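# Summary of the model geometry
What follows is each chain in one-letter form.
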Amino acid sequence: MTVILTIASLKGGVGKTTIAENLGIALGRMGRRVLLVDADITTSGLSTLLGLVDRQPNLHDLLSGKGDPAKTVYDAYGIKVMPSGPSLSGFVRSDPTKLSKIVDGMRSNFDVIIIDTPPGLTKYNLTPLRMADVVLGVTTQDPISVESAAKLEEVAQSMNLKLTGFIVNRVRKGTMFKKLKLLNKAQIQGRLKSKIIAGIPEDEAVLEAATFRRPIVFYKPKSKFTESVRTLANRIGV
Ligand SMILES: Nc1ncnc2c1ncn2[C@@H]1O[C@H](COP(=O)(O)OP(=O)(O)OP(=O)(O)O)[C@@H](O)[C@H]1O
Ligand SMILES: [Mg+2]
């Protein structure tokens, strides 16, 4: 059975795209047939990271009723990617509600379809949230981010979303943890009803890899980041 896994957060910049990219590639390396969908059609950050933002056709085309989904997937690091496009006009003509049918039609070719979403709660992430078999929330240890995560739980409950759990990203220990007044795992778990599935450390390799447009799991296979993404890939059981 194909699993549609949507990565979400109401707060921006917590690491959704970084996690979607590396989790997808890690699952691919574990032998899963993975499709990564860049549903952040405003910024197309995932497509940029993977060097696929100029591919034609792209998700903007599909969402405006043009093109064939089967011909809108591209190879990257052992998995398939459905990229979004670079242009403002492409974004403007996109109807985000079309995503559900497009992705449904791709189910039979994949074990897991991972959808990266924009932050917030708008028409641009409602469809990916509703169509998911598994929603994974992302938060950091920052109290504001944790409050947003709690809000996502409220939304999930009222909309009957399949929020399975949270990933705590950019985990810091020691001096910076104290200095930044961050919350530890027990404190975050105390605020949230859903389970914390994995912690991913703050790792300089992430920025380095992004600069070189290389996924961290490839660029730094022995980094703490890669290790924890592999643990996450094993835990989600797809
Ligand atoms: N574990 C990490 N360690 C260090 N830097 C990280 C880590 N995870 C993400 N980052 C950095 O944080 C920034 C935001 O990450 P990312 O773009 O993945 O977040 P996002 O939730 O997708 O943002 P948006 O909501 O804008 O789509 C990026 O510069 C990324 O390189
Ligand atoms: Mg993003």
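Each value, and the rule that gives it
- Residues numbered from 1 in each chain as written.
- Chains lettered and ligands numbered in written order.
- Predicted model: local features only at pLDDT ≥ 70, side-chain atom pairs only at ≥ 80, totals over all residues.
- Helix = DSSP H or I, 4+ residues; strand = E, 2+ residues; numbered from the N terminus.
- Buried ≥ 20, exposed ≤ 12 C-beta atoms within 10 Å, placed from the backbone.
- Contact = placed C-beta atoms within 7 Å.
- Near = placed C-beta within 6 Å.
- Nonpolar A, V, L, I, M, F, W, Y, C, P; charged D, E, K, R; others polar.
- Expected span 1.5 Å × (residues − 1).
- Arc of directions from axis to C-beta.
- Core = buried A, V, L, I, M, F, W, Y, C linked by C-beta atoms within 7 Å.
- Pairing = 2+ DSSP bridges.

## A short note on the overall build of the chain
From N to C terminus, the chain includes 12 helices and 8 strands. Dimensions of the chain, computed from C-alpha atoms along their principal axes, come out at roughly 50 × 40 × 35 Å. For the chain, with 238 residues in total, the buried portion stands at 45%. Considering only intrachain contacts with a sequence separation of at least 6, the fraction spanning at least 24 residues in the chain is 77%.

## Thoughts on the site of ligand 1
Among the 21 residues in the neighbourhood of ligand 1, the closest are listed as Gly12, Gly15, Lys16, Thr17 and Thr18. For the shell around ligand 1, the residue count by class is 8 nonpolar, 8 polar and 5 charged.

## A closer look at the environment of Arg33
Looking at the element boundaries, Arg33 is found in the loop between α1 (16-29) and β2 (34-38). Linking Arg33 and Ile113, residues 80 residues apart in sequence, is a C-alpha distance of 8.6 Å. Excluding anything up to four places from it in sequence, Arg33 contacts Asn109, Phe110 and Asp111.

## Comments concerning helix α7 (residues 143-159)
Helix length check: α7, at 17 residues, gives a terminal C-alpha distance of 24 Å against a target of 24 Å (1.5 Å per residue), a fit within 8%. Among the residues making up α7, those that are buried are Ser145, Val146, Ser148, Ala149 and Leu152. End-on view of α7: buried residues confined to an arc of 155 degrees, all on one side of the axis. Facing away from the buried surface of α7 by more than 90 degrees, the exposed residues are Ile144, Glu154, Gln157 and Ser158. At its buried positions, α7 is contacted by β1 (3-8), β6 (134-139), β7 (163-171) and α9 (185-191).

## What to know about the nonpolar core
What tends to happen in soluble globular proteins is that the nonpolar side chains get buried as a cluster. Grouped together as the largest cluster of nonpolar side chains are 66 residues, with contacts concentrated most on Leu23, Leu36, Val37, Ile113, Ile114 and Ile167. When residues of this core are assigned to their parent elements, the largest contribution, 6 residues, is made by α1. Apart from residues no more than four positions distant in its own chain, Ile113 is found in contact with Thr2, Ile4, Leu5, Leu35, Val37, Val103 and Met106.

## Let's talk about unusual backbone geometry
Cis geometry marks the peptide bond from Gln56 to Pro57, where omega comes out at -5 degrees. Inspection of the secondary structure puts Pro57 in the loop between α2 (45-49) and α3 (59-63). A positive phi is found at Asn160, a non-glycine position, where the angle reads about 60 degrees. Positionally, Asn160 belongs in the loop between α7 and β7. Taking the number of C-beta atoms within 10 Å as the measure of exposure, Asn160 has 8 and is therefore exposed.

## Details of the environment of Phe91
Looking at where Phe91 falls in the secondary structure, it is placed in helix α4 (residues 88-92). The spatial distance from the C-alpha of Phe91 to the C-alpha of Asp61 is 9.0 Å, given a sequence separation of 30 residues. Leave out the neighbours within four places in its chain, and Phe91 touches Ile41, Thr42 and His60.

## Things to note about the pairing of β1
With 5 of 6 residues buried, β1 lies mostly within the body of the structure. Examined bridge by bridge, β1 and strand β5 (residues 112-116) share 5 bridges and lie parallel to one another. Its bridge partner lying in β5, Ile4 is registered against Ile113. Pairing analysis gives 4 bridges linking β1 to β6, with the strands arranged parallel. Bridged to Thr6 within β6 is Val135.

## Points about α1
The end-to-end C-alpha distance of α1 is 20 Å, a good match for the 20 Å that 14 residues give at a rise of 1.5 Å each. Of all the 14 residues making up α1, 13 are buried; the element is thus mostly covered by neighbouring parts of the structure. Gly31, located one to two residues past α1, shows a positive phi value of around 95 degrees.

In short, the description is geometric, and any link to function would need to be established separately.
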